[in-house]
Amino acid sequence: AVRARPARRSAIRAPGPIRVFAAESRGEVTLLDYGAGNVRSVRNAIQALGFTVKSVDDPAGIAAADKLIFPGVGAYGSAMDVLTSRGLVDPIKDYVASGKPFMGVCLGLQLLFDGSEESGGVEGLGIIPGVVGKFRGDGLVVPHIGWNTLDFKRDTGLMADVPAGDRLYFVHSYRATPDANNEDWVLATCEYGGEFIAAVQKGEVMACQFHPEKSGEKGLSIFRNFLEGNTEERGAGAKTKPTADAGLAKRVIACLDVRSNDAGDLVVTKGDSYDVREKDTAGDVRNLGKPVELAGKYFTQGADEVAFLNITGYRDLPLTDAPMLEVLRRSSETVFVPLTVGGGIRDFTDSNGVSYTALEVAAAYFKAGADKVSIGSDAVYVAEQYYANDGKKDGRTSIEQISERYGVQAMVVSIDPRRAYVRDPSETKNRCIKTSRPGPNGEEYVWFQCTVKGGR
C-alpha cells in the first residue's frame with residue numbers, strides 16, 4: 001500500500017537510476033571493511049560517483065590511505081570487539097590525528113565518541129567527548145527509522161547541496177547528544193525525543209549519523225563533496241532552520257513478492273493467498289517484471305525503501321539461492337534507498353546434513369547488499385518459544401542473534417495473519433472481536449491467527 005506523506009526531498013527523480021561511472025577513475029578512496037553491514041552499499045555509492053574503492057582491513061591499509069571512509073551498521077560492542085581484535089583502534093586514532101580526510105557513517109560516527117551505553121557499556125575511540133545513549137521518552141518508538149530533517153549549526157561544503165528542510169535517512173537506536181564539551185564538533189543536529197547529533201566536522205574529520213548511501217541524490221552529494229574536497233567552512237552563519245514541516249516523514253515502501261517461475265527465472269509476482277499462477281493460461285507464474293528493473297523504477301519514482309520477499313524462501317536454503325543474492329547485489333548498485341529482504345531466514349539443515357544458523361543466512365543477505373532482513377515464519381516460532389518459556393529470552397533465537405550482531409534496527413518482523421472465526425469468544429483462549437464480515441457459517445466473532453510458510 002502507498003501512503004501519502006510530506007515531501008522529504010524531490011518527489012520524482014530524474015529518469016533512470018543514478019549511475020555516473022566515469023570513463024576513468026576520478027580518484028581513489030579507502031574503505032575500512034571490518035565486517036560492518038553497510039559496506040557494499042557505501043562501496044556502490046562511491047563507485048557510482050566515479051571513484052575507485054580500495055578496501056582494507058588491517059593497520060597498514062589504514063596508514064596508507066589518503067582518504068578513509070569508516071562505515072558501520074550493527075552493535076557498538078561487537079564493532080569495538082572486531083576493531084580491537086584486529087589491532088585497528090590505534091591506527092584509526094593515528095589516522096584521524098594525521099589530518100587526512102576521514103568520513104564516518106552511522107556507527108562510524110558513534111564509535112568516535114568516548115563510549116556507549118549499548119552492549120552493557122563499551123569504551124569507544126575517545127576522539128569526540130561524550131557517551132552515546134539510547135533514545136528515551138514516553139511513547140517514543142525506538143529505533144529511530146526514517147527520513148528526518150537537520151538543524152545546521154554551521155555551514156560547510158560537506159552538506160552544501162542539502163537544503164534546509166530536506167530529509168536524510170536515519171536508522172538507529174542510540175544517539176550522541178550535543179553539549180559544551182563537543183559543541184566545536186557539531187555540524188548539524190536532528191530532533192527525535194530530544195536533540196541529538198546528526199553530523200560532526202572538525203577540519204578534515206567528519207561523520208554523520210544518517211546514511212548518505214541510502215539518502216538518494218542528496219546523500220550521494222555529501223559523499224561527492226567529501227571525495228572532491230569541498231568541505232571547508234562557507235561562512236559564519238548557519239543555514240536556515242527547518243520549516244514547520246520538520247521531523248520524520250511518512251514513507252512509501254515498494255514491496256515486491258519474488259519467486260522463480262517455471263523456467264527458473266526470478267520474477268516479481270502477485271496473487272491471492274500466495275496463489276500466483278495465471279488462471280487463463282497454462283498456469284504459468286504471474287510475471288509482473290524483473291526484480292532489479294522494478295526496484296530501480298520505484299526508486300526513480302520516489303520510493304523511500306524497496307522490500308523483496310522471496311515467497312518460496314521457506315522451501316530451500318537461502319545460502320544456495322544465488323539468483324536472490326544476485327538481485328540484492330545488482331539492486332544495491334543503482335538503488336540508493338534502504339533494501340529489505342525476507343524469506344527463509346531461519347536455522348537450516350541441508351540435504352547433506354550440514355547445519356546453518358539464521359545468523360549465517362542473514363549475514364549472506366547483508367553481504368549481498370541488504371540493509372534489513374525480514375523474518376516471518378521463524379518469528380512466530382520464536383514468539384511461541386518465548387511464551388512457553390514464561391516470557392524469558394535465552395539468547396539463542398534468530399531474532400536475538402541477528403539483533404546482537406547487526407543491531408535491532410536491522411531486524412523486521414513480518415506477520416501474515418488470517419481470520420479464524422468462532423460463534424462465541426468462549427470457544428477460544430485468544431482475544432476475539434465482533435466482526436462486520438461474518439464467517440462462512442455465520443460466525444460473528446473472529447481472532448487473527450499468525451501463519452507460517454506462506455499460510456500453508
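Residues numbered from 1 in each chain as written. Predicted model: local features only at pLDDT ≥ 70, side-chain atom pairs only at ≥ 80, totals over all residues. Heavy atoms only, no water.

**Looking at the overall build of the protein**
Worth spelling out the cut-off: A helix here means a DSSP run of H or I that spans at least four residues, while a strand means a run of E at least two residues long, and both kinds are numbered starting from the N terminus. Whether two residues touch is decided by their heavy atoms; if any such pair falls within 4.5 Å, the residues are in contact. Computed with the Shrake-Rupley method and a 1.4 Å probe, the accessible areas treat only the protein chains shown as cover for residues.
Each helix and strand counted, the protein has 11 helices and 27 strands in total. In the protein, the share of contacts with a sequence separation of at least 24, taken over all contacts with a separation of at least 6, comes to 71%. Of the roughly 20600 Å² of accessible surface on the protein, a fraction of 48% belongs to carbon and sulfur atoms.

**So, the pairing of strand β1 (residues 28-32)**
Convention followed: Whether a residue is buried, partly exposed or exposed follows from its accessible area with a 1.4 Å probe, protein chains only, as a fraction of its type maximum: under 20%, in between, or over 50%, in that order. Each pair of strands is called paired provided DSSP finds at least two bridges between the two strands.
For β1, the tally of buried residues reaches four of five residues, placing the bulk of the element in the interior. Taken together, the two bridges between β1 and strand β3 (residues 68-70) define a ladder with parallel strand orientation. The residue of β3 that forms the bridge with leucine 31 is isoleucine 69.

**Examining the side chain of serine 331**
Along the chain, the position of serine 331 falls in helix α8 (residues 322-334). Not counting chain neighbours up to four residues away, the residues in contact with serine 331 comprise Val292, Ala295, Phe308 and Leu339.

**Topic: the packing of aromatic side chains**
This is how the line gets drawn: Pairing of aromatic rings covers Phe, Tyr and Trp, the last counted by its six-membered ring, and requires centre-to-centre distances within 6.5 Å; plane angles under 30 degrees mean stacked, over 60 mean edge-to-face, and any other angle means tilted.
Enumeration according to the criterion identifies 11 aromatic pairs in this entry. Ring plane angle 50° and centroid distance 6.0 Å describe the contact between phenylalanine 70 and phenylalanine 102, whose orientation is recorded as tilted. Of this pair, phenylalanine 70 sits in strand β3 while phenylalanine 102 sits in strand β4 (residues 102-105), placing them 32 residues apart in sequence. Across this residue pair, the class does not change: phenylalanine 70 and phenylalanine 102 are buried. Both rings, one in phenylalanine 135 and one in tyrosine 192, keep their centres 5.5 Å apart while their planes meet at 85°; by these two values the pair is edge-to-face. Of the two residues, phenylalanine 135 is situated in the loop between β7 (128-134) and β8 (144-149) and tyrosine 192 in the loop between β13 (186-191) and β14 (195-202); the sequence distance between them amounts to 57 residues. Pair check on accessibility: phenylalanine 135 and tyrosine 192 agree, each one buried.

**Focus: the side chain of asparagine 182**
Among the structural elements, asparagine 182 can be located in the loop between β12 (174-175) and β13. A relative accessible area of 0% places asparagine 182 in the buried class. When sequence neighbours within four positions are dropped, the list of residues in contact with asparagine 182 reads Phe113, Ile128, Pro129, Thr177 and Ile197.

**Focus on the pairing of strand β11 (residues 167-172)**
In terms of residue burial, β11 counts as a mostly covered element, since six of its six residues are buried. Neither face of β11 is exposed, since Arg167, Tyr169 and Val171 on one face and Leu168, Phe170 and His172 on the opposite face are all buried. Examined bridge by bridge, β8 and β11 share six bridges and lie antiparallel to one another. What sits directly across from tryptophan 147, in β11, is tyrosine 169.

**Notes on the sheet that holds strand β27 (residues 445-450)**
Here three strands make up an open sheet; going across it, the order is β25-β27-β26 and the pairing antiparallel. The sheet is open, and its two borders are formed by β25 (417-422) and β26 (433-434), each paired with just one other strand. Strand direction decides the pairing type here: β26 and β27, joined by two bridges, are antiparallel. Across the sheet, the residue bridging to lysine 434 is tyrosine 445, located in β27.

**Comments concerning the environment of valine 412**
Turning to its location among the elements, valine 412 is positioned in strand β24 (residues 411-413). Note on valine 412: relative accessible area 27%, which makes it partly exposed. With 37 residues separating them along the chain, valine 412 and isoleucine 375 place their C-alpha atoms 6.2 Å apart. Setting aside residues no more than four positions away along its own chain, valine 412 makes contact with Thr340, Lys372, Val373, Ser374 and Ile375.

**With respect to the packing of helix α9 (residues 358-368) against helix α11 (residues 398-406)**
What counts is decided by this rule: Each axis is a line fitted through C-alpha atoms, and for a helix only the stretch in contact is used; angles between axes span 0 to 180 degrees, taken between their N-to-C directions. Roughly parallel means an angle under 35 degrees; roughly antiparallel, over 145; roughly perpendicular, 65 to 115; everything else is oblique. Crossing handedness is defined as follows: a turn of the near helix away from the far one that is anticlockwise and smaller than a right angle gives a left-handed crossing, while the clockwise case is right-handed. Put simply, Ala, Val, Leu, Ile, Met, Phe, Trp, Tyr, Cys and Pro go in the nonpolar bin, Asp, Glu, Lys and Arg in the charged bin, and everything else, Gly too, in the polar bin.
Here α9 crosses α11 at 45°, and the two axes come no closer than 9 Å. Between α9 and α11, the interaxial angle falls into the category oblique. Crossing angle aside, the handedness with which α9 passes α11 is right-handed. Of the residues in α11, those in contact with Ala358, Leu359, Ala362, Ala363 and Phe366 of α9 are Ser398, Gln401, Ile402, Arg405 and Tyr406. Class assignment for the residues of the contact of α9 with α11 results in seven nonpolar, two polar and one charged.

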